[in-house]
Amino acid sequence: MERLQKIIAQAGIASRRKSEELILSGKVELNGEVVTELGTKADPDEDIITVNGRPIRSEKKIYVMLNKPKGVITSASDPEGRKIVSDYLKGIKERVYPVGRLDYDTEGLLLLTNDGEFAHLLTHPKHHVPKTYLATVKGVPHGTALDQLRKGIMLEDGMTHPAEVEYKDVDTDNKEAVIMITIHEGRNRQVRRMFEAINHPVTRLKRVSFGGLLLQNLKRGLYRHLTKEEINNLMQSAQSASVKSKNRK
Ligand code: URA
C-alpha cells in the first residue's frame, strides 16, 4: 500500500506536490469514491484510481545499467549545460533515476530505475551493498598503506568501514598503480578521499561492480536492461549484506 499522492506522481501524471493539490481539490477517486484526505493509501496494482475521471496506469518498472563515461553528471538536469546521464538513455520513455551517484569524473557501472523501493534498498547505508572500483593512482602505494584502507581510515566524516583492496597492475617505473577496491558504503567521493588520505591521489576511477552485478564488456556510453535474475540477485545482495553487517556488530 502506498500513499495516493505517491502513486499518482509515480504514474508520471504530476509532481508529488501537484498530486496533493489534485487530491485536495477533489479530482481524485479511489474505487469510485472521491478522496480528499492526503494520508489515504491504496494498492496501485489492485485499486482503481482516477484523476479527473481518467484511470491512471502505474508505470512499468524498468532497470538498466549504463557504462557512464567520465565528464557526465549523475543528475536529471544541469544548469551549466554539461552532459547528463539521461543523454545516454535514448529509447527509454520512462523517467528513471540513478541508484546512488558517480562523480562527474568517474566512469563505469551506474544503475538507473523508476522503482523507488529498489533504489532505496540498494542505497540505504544500513544495507552495505558492495561496490567495486578500479582506481588508477599516482605512485605505487606500499602494502602497509593498503592495509590502512583494509582496516578503515579516518576521513573528515569519520572512519571508513573495512575495504577489500588488491593490486591489479603496477607501472614498472613506479609512477602509477591500478588498485581494485571494494567498499560497502557510499559516502561522497569516498574512494578518492581514501586514496588521498594515503597520499596516492586517484587519476582515473571506474566502477566495475555493484552488489555483485558486473559491468563486464558493456561499451562506454551504452546501456542495457537487467535480466529478472540480475534484479533478484541485486535485491538479495542488499538483504544479505545487511544481515552480514548486523552479525559483524
Ligand atoms: N568514490 C568516489 O570517490 N567517486 C565515485 O564516483 C564513487 C565512489
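Predicted model, so just to flag it, every value in this text is computed and none were measured. (Residues numbered from 1 in each chain as written. Predicted model: local features only at pLDDT ≥ 70, side-chain atom pairs only at ≥ 80, totals over all residues. Heavy atoms only, no water.)

**Some remarks on the nonpolar core**
Then step 1. Of all hydrophobic cores here, the largest spans 32 residues; its most connected members are Leu 112, Leu 149, Ile 181, Val 191, Met 194 and Phe 195.
Then step 2. Broken down by secondary-structure element, the contributors of at least two residues to this core are β7 (63–68), β9 (106–113), β10 (131–138), α4 (143–151), β14 (176–183), α5 (190–197) and β15 (202–210).
Then step 3. When residues of this core are assigned to their parent elements, the largest contribution, four residues, is made by β14.
Then step 4. In terms of domain composition, this core takes at least three residues from each of domain 2 (63–125 + 214–241) and domain 3 (130–210).
Then step 5. Apart from residues no more than four positions distant in its own chain, Val 191 is found in contact with Tyr 133, Ala 135, Ile 181, Ile 183, Val 202 and Leu 205.
Then step 6. Within the second largest apolar cluster, 18 residues are counted, among which are Val 99, Leu 122, Leu 215 and Ile 231. (Core = buried A, V, L, I, M, F, W, Y, C linked by side-chain atoms within 4.5 Å. Buried < 20%, exposed > 50% of the residue type's maximum accessible area, 1.4 Å probe, protein only. Helix = DSSP H or I, 4+ residues; strand = E, 2+ residues; numbered from the N terminus. Domains from an automatic or database assignment. Contact = heavy atoms within 4.5 Å.)

**Considerations on the environment of Glu 2**
Then step 1. Along the chain, the position of Glu 2 falls in strand β1 (residues 2–3).
Then step 2. Residue classification places Glu 2 among the buried positions, given a relative accessible area of 16%.
Then step 3. Sequence separation between Glu 2 and Met 235 is 233 residues; the distance between their C-alpha atoms is 20 Å.
Then step 4. Not counting residues within four places of it along the chain, the set of residues in contact with Glu 2 comprises Ile 7, Gln 10, Thr 40, Lys 41, Ala 42, Pro 44 and Glu 117.
Then step 5. In this structure the side chain of Glu 2 is engaged in a polar contact, spanning 3.1 Å, whose partner is the side chain of Lys 6. (Polar contact = N/O pair within 3.5 Å; in protein donor to acceptor, adjacent residues only side chain to side chain.)

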